[in-house]
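Here are the chains, one letter per residue:
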Amino acid sequence: MSLATRFLPAFLATLENFAERDYFAQAAPDRCPDGHVYFWDETAIRKTLVMQLGVAAWPLADADAAAMSDEQVIEYMEAFFQLVAKPTESWFHSYCGSSHPTKFDIASGRYDYTVSVNALLDRFGTGLRLQNGKIRSSGSQVMAPRLAEALPFGGDDHLRGLVTMALVDFRSPDPQKRWNALRHGGRGADPPNPALKVPAVRVLAVVWVCHGPRTGRLLLAFRGFGHVRPLGPLG
Ligand SMILES: [Zn+2]
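The structure displayed is predicted, hence computed values, not measured ones. (Residues numbered from 1 in each chain as written. Predicted model: local features only at pLDDT ≥ 70, side-chain atom pairs only at ≥ 80, totals over all residues.)

Draft legend 1. Region of interest: unusual backbone geometry. The omega angle of the peptide bond from Trp58 to Pro59 is 0°, so this bond is cis rather than trans. By the element assignment, Pro59 lies in the loop between α2 (42-53) and α3 (62-66). Phi angles above zero are rare outside glycine, and Asp22 is one such case at about 65°. Looking at where Asp22 falls in the secondary structure, it is placed in the loop between α1 (7-20) and β1 (30-31). (Helix = DSSP H or I, 4+ residues; strand = E, 2+ residues; numbered from the N terminus.)

Structural data, given as structure tokens:
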């Protein structure tokens, strides 16, 4: 399922919420009849997006949004991270009946944005996380620290190379790279030397952790390792 199907409409609604709380009023403000900043301005948003992405449509028509690739949705998530700032001071303008922010805190705005976007990414089971303004593949939060553990390679440099490549690609938001990672992991799980089978199963467990149980089980079945359990703490 692509991000555009369910995640993107929820993300756009979240952006609207931030706009209503003036989180974009520093980078791309609309102005009241007296010229005071608030909310967001569509043309200003489009301009800042184009400056970051080169080509960008804003606002997004429903049909355009539905046709967006995951890479495009990710670009928008990262671009809006650059725009948010939390209003810290504002005053009420009785003439227009709105409050207008006068001071902003970028770090707080980015923090709030990151928390909200990650809650959405979790809710829709995307396997992605926003971290320091960049989208990364999260795998399982419980198991992710174990990716950093040393794996037993049995002195096999080829296996070490495959796993190293796989771990780099696992963290990419690009689905093609994650698929490559799966292939590298799969090759590592089918070593020519039977003595490497235990480390190979550890590798397979990493694949399982990163890609979810369904893909992992498919690979287990495909490789004929169905009778072998992942060992140690990974089990
Ligand atoms: Zn006003």
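Draft legend 2. Local environment of the nonpolar core. If you look at the biggest cluster of nonpolar residues, it comprises 28 residues, and the most contacted ones within it are Phe24, Val73, Met77, Phe80 and Val84. For this core, the secondary structure elements donating two or more residues are α1, β2 (37-38), α2, α4 (70-81), α5 (106-123) and β5 (128-131). Not counting residues within four places of it along the chain, the set of residues in contact with Phe24 comprises Phe18, Ala19, Trp40, Ile45, Leu83 and Val84. (Core = buried A, V, L, I, M, F, W, Y, C linked by C-beta atoms within 7 Å. Buried ≥ 20, exposed ≤ 12 C-beta atoms within 10 Å, placed from the backbone. Contact = placed C-beta atoms within 7 Å.)

Draft legend 3. Just the environment of Arg123, in detail. Mapped onto the elements, Arg123 comes out in helix α5. Taking C-alpha positions, Arg123 is 8.8 Å from Phe7, a pair spaced 116 residues apart along the chain.

Draft legend 4. Quick look at the pairing of strand β6 (residues 134-137). Here β6 shows a buried face lined by Ile135 and Ser137 and an unburied face lined by Lys134 and Arg136. Linkage of β5 to β6, two consecutive antiparallel strands, is achieved through a turn of two residues, within which Asn132 is found at a positive phi near 50°. (Pairing = 2+ DSSP bridges.)

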